[in-house]
Amino acid sequence: LQGIFVLGLPYALLHSGYSGLLLIVLAAALCCYTGKILIACLYEENEDGQLIRVRDTYEDIAKACCKKLSPSLGGTAVNVTQVVELIMTCILYLVVSGNLLSHSFPYVPVTEKTWSVIAFVTLLPCIFIRTLKIVSKLSQLCSLVHFVIIFVVITYCFTQMHQWSWAKFRLSLEFENFLVSVGVIIFSYTSQIFLPTLEGNMKNPGEFRCMLNWTHFFACILKTTFALTAFLTWGEKTKEVVTDNLPSFLETLVNLCLLTKALLSYPLPFFAATEIVYSCISNDSHSNYRSPLLALTVRGSFLLLTLLMAMFTPHFALLMGLSGSVTGAAMTFLLPSLFHLKLQWKKLSFLEKCADISVFILGFLCSLAGIVCAMKGLLEVFG
């Protein structure tokens, strides 16, 4: 999920300067922390003081927090938020796929929307995905393609070292552009939606915190290196998607790799969204919700929904920014810190409480700033 945002990191540095480098490190630390406290909410101590996993999903955590008020309302709110973010992510991959195909084959007389339909056809087998094992294999291939893209861009940048100059970094910042940079950097790390399922499927869940530390550490190193080398190479000419700065022969190669990555990335949020719907159906009905016919119907409906929205939603990028500011910030910062405070208040130290409250406030400010920027863009577009 991080690939699309990673390609915008050099552009984020263009508008954030030296502070952008600090933000990349800070965002890694914050997202790693909220991932840990979210998983901590899945556990409770038994009579012997041992931690026992008593919850399985984000929804279960929300229900536990809203137990006195309305468990069903809390669970429903979290499920709706998750599904909206996941579906918007799937749509984004379709839109990006159409855009990449139109740029890779500019001489073919086909519109960008038609290319999106062609990309959609290749995703039809997603209807038959029933287990996380298949998704994990596709995600491994996706990660491999991602590293190829990063390697190609960084290698080219190192061939241009003679052009590098630290003078390209800005010292003065424009507040609105800086907020855009903050959004790009923070949401290049988000993965909280998938963490409960991931931790639950690990052979040794006790290694989860260690895994989270190392993955965020290496992600931070890789993203800092990528963003820094690319920005030092192109400076003020850095484009929103840095691959557009590459020479034409490399740009086409990387665009095709990005297309492969987008198509391989689609199954994960798609699978997660359908699993949430399955869980809701199983709670609301005594029928066998895993029946093949119902499974095909739900997956087929989700696939069709993503295509229709990719084809007919005007100004999708701005809409994605608006929904992402709400759902992304909520799932990444607001809810993990709020749930952790609610469920673990008596066990938390003063510093841990301060950390959770600080993360909540920061997440709220980021969300508010993102909403304001997206609404301003929508108002400008619609006059």
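Before any of the text, the structure's been laid out above.
Thresholds applied
Residues numbered from 1 in each chain as written. Predicted model: local features only at pLDDT ≥ 70, side-chain atom pairs only at ≥ 80, totals over all residues. Heavy atoms only, no water. Helix = DSSP H or I, 4+ residues; strand = E, 2+ residues; numbered from the N terminus. Buried < 20%, exposed > 50% of the residue type's maximum accessible area, 1.4 Å probe, protein only. Core = buried A, V, L, I, M, F, W, Y, C linked by side-chain atoms within 4.5 Å. Contact = heavy atoms within 4.5 Å. Phe/Tyr/Trp six-rings, centres within 6.5 Å; stacked < 30°, edge-to-face > 60°. Lys NZ or Arg CZ within 6 Å of the ring centre and 35° of its normal. Expected span 1.5 Å × (residues − 1). Patch = residues over 30% accessible without salt bridge, like charges linked within 9 Å, V, L, I, M, F, W, Y side chains within 5 Å. Areas by Shrake-Rupley, 256 points an atom, 1.4 Å probe, with all protein chains shown as cover. Salt bridge = Lys/Arg side-chain N within 4 Å of Asp/Glu carboxyl O. Disulfide = S-S within 2.5 Å.

Concerning the environment of Phe105
- Position of Phe105 among the secondary structure elements: in the loop between helix 5 (71-104) and helix 6 (112-122).
- Residue Phe105 is classed as partly exposed on the basis of its relative accessible area of 36%.
- The sequence separation of Phe105 and Leu268 amounts to 163 residues, and the corresponding C-alpha distance is 27 Å.

Focus: the nonpolar core
- In this structure, Ile61, Leu94, Tyr189, Phe226, Tyr266, Phe302 and Phe339 are the most contacted members of the largest nonpolar core, which totals 108 residues.
- If you tally residues by element for this core, the top one is helix 5, at 13 residues.
- Non-local contacts of Tyr266, meaning those with residues more than four positions away in its chain, are made with Cys90, Tyr93, Leu94, Leu123, Cys126, Leu303 and Thr306.

So, the packing of aromatic side chains
- Applying the stated criterion across every chain yields a total of 8 aromatic pairs.
- For the pair Phe158 and Trp164, a centre-to-centre distance of 5.5 Å together with 45° between the ring planes defines the contact as tilted.
- Looking at Trp164, the relative accessible area reads 22%, which means it is partly exposed.
- Summarising the aromatic geometry, the rings of Trp214 and Phe218 are spaced 5.6 Å apart at their centres and angled 25° between planes, so their arrangement reads as stacked. Of this pair, Trp214 and Phe218 both sit in helix 10 (residues 208-234), 4 residues apart, which is roughly one turn of the helix.
- Phe218 sits in the exposed class, given a relative accessible area of 51%.
- Sitting over the face of the ring of Tyr189, Lys223 holds its NZ or CZ atom 3.6 Å from the ring centroid.
- Over the ring of Trp345 we find Lys353; its NZ or CZ atom is 4.0 Å from the centre of that ring.

Notes on helix 7 (residues 132-159)
- Compared with an ideal rise of 1.5 Å per residue, which puts 28 residues at 40 Å, helix 7 spans 41 Å between its outermost C-alpha atoms and is within 8% of the ideal.
- Restricting attention to buried positions, one finds in helix 7 the residues Val135, Cys142, Val145, His146, Ile149, Ile150, Val152, Val153, Ile154, Tyr156 and Cys157.

Structural notes on a nonpolar patch on the surface
- On the surface, Leu338, Ile357, Phe360, Ile361, Phe364, Leu365, Leu368 and Val372 cluster together into a nonpolar patch covering about 710 Å² of accessible area.
- If you tally residues by element for the nonpolar patch, the top one is helix 15 (residues 350-381), at 7 residues.
- Of the residues examined, Ile357 reaches a relative accessible area of 39% and is grouped as partly exposed.

Regarding the state of the cysteines
- What the rule picks out here adds up to 0 disulfides.
- Cys126 supplies the cysteine sulfur nearest to Cys90, a cysteine that is in no disulfide, at a spacing of 8.3 Å.
- Not engaged in a disulfide, the cysteine Cys257 finds its nearest cysteine sulfur in Cys142; these two sulfurs lie 11 Å apart.
- Exposure remark for Cys257: the relative accessible area of 17% places this residue in the buried category.

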